[in-house]
Amino acid sequence: MSTEVTDAPSTPRQRVRIQTGEREDLGAREPANGTAPALAGAGQAKPAARETIFDVRDISVSYGASTAIAGVSLKVPRHLITALIGPSGCGKSTFLRCLNRMNDTVPGFGLTGQILYHGNDLYAPRVDPVEVRRRIGMVFQRPNPLPKSIYDNVAWAPRNLGMKANLDERVERALRGAALWEEVKDRLKQSAFGLSGGQQQRLCIARAIAIEPDVLLLDEPASALDPIATASIEELMLNLKHRFTIVIVTHNMQQAARIADRTAFFSLEVSAGKRTGALVEYDETSTIFTRPKDPRTGDYVTGRFG
Ligand SMILES: Nc1ncnc2c1ncn2[C@@H]1O[C@H](COP(=O)(O)OP(=O)(O)OP(=O)(O)O)[C@@H](O)[C@H]1O
Ligand SMILES: [Mg+2]
């Protein structure tokens, strides 16, 4: 199942380094301090012409002999929040991790179909997965700061990538972007482990945006947090979408309804005794929650199932 998003004219391409020493075009990347375009707020997004960041075409993913998701097609539009919802085991994390090739090293991982990123095949042989992850950052369910200072956590990826110029400014910009600067500016040299869970998760977001990615993938980023910390992460997402394209997995229906412009509902389909994740419906969030086309979506979002 797929939802069409009218593609806007493509933006200038940017050349990037690849493993073989040749160069592969992965598409345009936003500057971290780019100005926010005029965008509708969450839930108000119109199906207007919008650049497609990911064009996922009929992908199926397997781990060894078992198929985790089958026949998934959808387009992720630029500078919107796309939420992935569905019952446990339906393949939300699997799908998300395919978007930045995080599954590559999983034993038995196999993918058929195509994922185009800015129109370029993300799994083409010459594309460097490290460059992919530099452009497509990820934040996980549990905050996972490094055993380093707050400053060094944020500076870690820029240092590794040789982005050492104006590092102090870069760290401050990332911490401000993650709405954490005011809380930590006087303790930058202290251990990240001294932060609260919500602060640690915002630190991980700062770490992800410090290298100025194009896309942020978040896998249940607020599920380990209390309601106040969750609210601050949600507010942060709404601010960050003006700078990044965001794809977020959440089990929290209210959260998807509050922050996502588009929502994809996955479910577990049973066939010949095998359970496989499938995309049931993908649409504007308001449609998914108030006028879903598929009864399975309605059952799930109203709590009758799952
Ligand atoms: N590394 C892996 N190796 C083998 N099988 C895996 C691996 N990761 C996920 N799977 C399987 O793929 C299927 C989808 O799992 P996935 O973690 O993507 O689901 P999910 O929708 O994110 O679930 P949850 O809501 O519980 O996080 C499951 O059957 C799971 O057991
Ligand atoms: Mg998951």
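Residues numbered from 1 in each chain as written. Chains lettered and ligands numbered in written order. Predicted model: local features only at pLDDT ≥ 70, side-chain atom pairs only at ≥ 80, totals over all residues.

Turning next to the overall build of the protein chain. On a plain count of helices and strands, the protein chain comes out with 10 helices and 12 strands. Going through the 306 residues of the protein chain one by one, you find that 46% of them count as buried. Restricting to contacts in the protein chain with at least 6 residues of sequence separation, those with at least 24 account for 72%. (Helix = DSSP H or I, 4+ residues; strand = E, 2+ residues; numbered from the N terminus. Buried ≥ 20, exposed ≤ 12 C-beta atoms within 10 Å, placed from the backbone. Contact = placed C-beta atoms within 7 Å.)

All residues in the neighbourhood of ligand 1 are listed as Tyr 63, Ala 68, Ser 88, Gly 89, Cys 90, Gly 91, Lys 92, Ser 93, Thr 94, Val 106 and Gly 277. Tallying contributions element by element places helix H1 (residues 92–98) first for the shell around ligand 1, with 3 residues. Among the residues making up the shell around ligand 1, the classes are represented as 4 nonpolar, 6 polar and 1 charged. (Near = placed C-beta within 6 Å. Nonpolar A, V, L, I, M, F, W, Y, C, P; charged D, E, K, R; others polar.)

Before going further, it helps to spend a moment on the pairing of strand E5 (residues 81–85). Taken across its 5 residues, E5 has 5 buried, putting it largely inside the fold. Every second residue of E5 is oriented toward a common face, with Ile 81, Ala 83 and Ile 85 on one face and Thr 82 and Leu 84 on the other, all of them buried. In the sheet, E5 pairs with strand E10 (residues 245–249) via 4 bridges, with the strands oriented parallel. Bridge pairing in E10 places Ala 83 opposite Ile 248. Of the pairings in the sheet, the one linking E5 to strand E11 (residues 262–271) comprises 4 bridges and is parallel in character. Directly across from Thr 82, in E11, lies its bridge partner Arg 262. (Pairing = 2+ DSSP bridges.)

For the pair helix H3 (residues 150–160) and helix H6 (residues 197–209), the least separation of the axes is 7 Å and the interaxial angle reads 30°. Between H3 and H6, the interaxial angle falls into the category roughly parallel. Helix-helix and strand crossings are classified by hand; for H3 and H6 the assignment is right-handed. When H3 is examined against H6, the residues Ile 150, Asn 153, Val 154, Trp 156 and Ala 157 are found in contact with a partner set consisting of Leu 203, Ala 206 and Arg 207. (Axes fitted to C-alpha atoms, helices over the stretch in contact; angles between N-to-C directions. Parallel < 35°, antiparallel > 145°, perpendicular 65-115°, else oblique. Left-handed = near helix turned anticlockwise from the far one by under 90°.)

The next subject is the nonpolar core. Counting 79 residues, the largest nonpolar core has Leu 84, Ala 206, Leu 216, Leu 217, Ile 246 and Val 247 as its most contacted members. Setting aside residues no more than four positions away along its own chain, Ile 246 makes contact with Ile 81, Leu 216, Leu 218, Met 237, Leu 240 and Lys 241. (Core = buried A, V, L, I, M, F, W, Y, C linked by C-beta atoms within 7 Å.)

Residues at a pLDDT of 70 or more form 84% of the protein chain, whose mean pLDDT is 86. Note on residues 1–24: pLDDT is under 50 here. Beyond four places in sequence and across chains, it has 53 contacts. Under a pLDDT of 50 for its full length, residues 30–45 has, in the predicted model, 27 contacts with residues more than four places off or in other chains. (pLDDT = per-residue confidence, 0-100.)

In this section: H3. Every buried residue of H3 is accounted for by Ile 150, Asn 153, Val 154, Ala 155 and Pro 158. Residues of H3 that are buried sit in contact with helix H4 (167–177), helix H5 (181–184) and H6. Gly 162 occupies a position one or two residues after H3 and carries a positive phi of about 75°.

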